[in-house]
Amino acid sequence: MTAAHSPTPADRPRPGLRERKKIKTREAIRTATYALIEEQGYEATTIEQIADRAEVSPSTVFRYFPAKEDIVLTDEHDPLLLEQLRARPADEPWPQFMRQIMHKAIGLGTGEAREVTRLRCRLLAEVPAVRSRMTESMSETGHVLAEAIGERTGRDPQSLEVRVFAMSLIGGLMEVSQYWARTGFRDDLADLVDRALAIYERPPDILVP
């Protein structure tokens, strides 16, 4: 069975002028934040400094991002992830489906500049406030994933079984990101994802009674 056609970027309507301006402002705020954090650290970076660097007002920063942690972590990837998961073949084996889920999530997250991806992972590992906000954000991604799994299996996306399965994948993805940062980014991120998935497919000897 083949996958249904999934809209490509060329298929999607181009955003209007107002939306393009919003996107440009969000990106300016993010770029300013990343640069300041690299220069002086996360804690020393203030909303006022970010606003000044991005040439907007502090109120504009707060209008787009309720907290500093949101500037670092917020993205628009969930709809894209759901779209791509819906396009997977219906008869695809679960191990392969899980592998596609994890690799696509990682791929969306690393679509930015390499240094930005590493910065986000490092802050996730080192800053409790960022990690806490990331947990909330990934919970929302878990809802998206549960919806895709529910559509695929015919189960209620909010059932315990689907939620546990979805959130276990999300938790694994978070741990992979933190491990990557804490080990100095020495490994290939895709290889780490495969190692994590191997645990779902066959628990290591240490977990077997």
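Residues numbered from 1 in each chain as written. Predicted model: local features only at pLDDT ≥ 70, side-chain atom pairs only at ≥ 80, totals over all residues. Heavy atoms only, no water.

One non-glycine residue, Glu55, lies in the positive phi region at around 60 degrees. With respect to the helices and strands, the residue Glu55 is situated in the loop between helix H2 (47–54) and helix H3 (58–64). (Helix = DSSP H or I, 4+ residues; strand = E, 2+ residues; numbered from the N terminus.)

Take the environment of Pro157 next. Inspection of the secondary structure assignment puts Pro157 in the loop between helix H8 (128–153) and helix H9 (160–182). Counting along the chain gives 14 residues from Pro157 to His143, while the straight-line C-alpha distance between them is 7.9 Å. What Pro157 contacts, discounting residues up to four positions off in sequence, is Ala146, Glu147, Gly150, Val162 and Arg163. (Contact = heavy atoms within 4.5 Å.)

Applying the stated criterion across every chain, the model contains 8 salt bridges. A salt bridge links Arg26 to Glu19; its shortest N-O distance comes to 3.5 Å. Accessibility expressed as a relative area gives 16% for Arg26, which makes it buried. Among the ionic contacts, a cluster of salt bridges with common partners joins Glu38, Arg122 and Glu126. (Salt bridge = Lys/Arg side-chain N within 4 Å of Asp/Glu carboxyl O. Buried < 20%, exposed > 50% of the residue type's maximum accessible area, 1.4 Å probe, protein only.)

On to the packing of H9 against helix H10 (residues 189–201). Think of two packed helices as two axes; the pair is described by the angle between the axes and how far apart they sit. The N-to-C vectors of H9 and H10 enclose an angle of 140 degrees; their axes lie 10 Å apart at closest approach. On the basis of the axis angle, H9 is oblique to H10. Note that H9 runs across H10; the crossing there is right-handed. Taken together, the residues of H10 that come into contact with H9 (itself represented by Ser168, Leu169, Gly172, Val176, Tyr179 and Trp180) are Leu189, Leu192, Val193, Arg195, Ala196 and Tyr200. Split by residue class, the contact of H9 with H10 holds 9 nonpolar, 2 polar and 1 charged. (Axes fitted to C-alpha atoms, helices over the stretch in contact; angles between N-to-C directions. Parallel < 35°, antiparallel > 145°, perpendicular 65-115°, else oblique. Left-handed = near helix turned anticlockwise from the far one by under 90°. Nonpolar A, V, L, I, M, F, W, Y, C, P; charged D, E, K, R; others polar.)

Attention now goes to H9. Along its 23 residues, H9 runs 32 Å from first to last C-alpha, staying within 8% of the 33 Å computed at 1.5 Å per residue. Following H9 by one or two positions, Gly184 has its phi on the positive side, about 70 degrees. (Expected span 1.5 Å × (residues − 1).)

It is worth spelling out the side chain of Glu92 at this point. Relative to the assigned elements, Glu92 resides in the loop between helix H5 (78–86) and helix H6 (94–109). Once residues within four sequence positions are removed from consideration, Glu92 is found in contact with Phe97, Gln100 and Arg152.

Attention now goes to the packing of aromatic side chains. Following the criterion strictly, the structure yields 1 aromatic pair and no others. Residue placement shows Lys68 over the ring face of Tyr42; its charged tip is 4.2 Å from the ring centre. (Phe/Tyr/Trp six-rings, centres within 6.5 Å; stacked < 30°, edge-to-face > 60°. Lys NZ or Arg CZ within 6 Å of the ring centre and 35° of its normal.)

With 13 residues, helix H7 (residues 114–126) ought to run about 18 Å at 1.5 Å a step, and its terminal C-alpha atoms sit 18 Å apart, in line with that. Residues of H7 that are buried include every one of Val116, Thr117, Leu119, Arg120, Cys121, Leu123, Leu124 and Ala125, and no others.

Turning to the confidence of the model for the protein, a few remarks are in order. The predicted model of the protein has a mean per-residue pLDDT of 81, with 82% of residues at 70 or higher. Predicted confidence for residues 1–10 stays below pLDDT 50, and this span has 13 contacts to residues more than four positions away or in other chains. (pLDDT = per-residue confidence, 0-100.)

This next bit is on the packing of helix H1 (residues 17–40) against H2. Where H1 contacts H2, the axes come no closer than 8 Å and their chain directions differ by 120 degrees. When the axis of H1 is compared with that of H2, the two are oblique. By crossing handedness, the relation of H1 to H2 is classed as right-handed. Across from Ala28, Ile29, Ala32, Thr33, Ala35, Leu36, Glu39 and Gln40 in H1, the residues of H2 making contact are Gln49, Ile50, Arg53 and Ala54.

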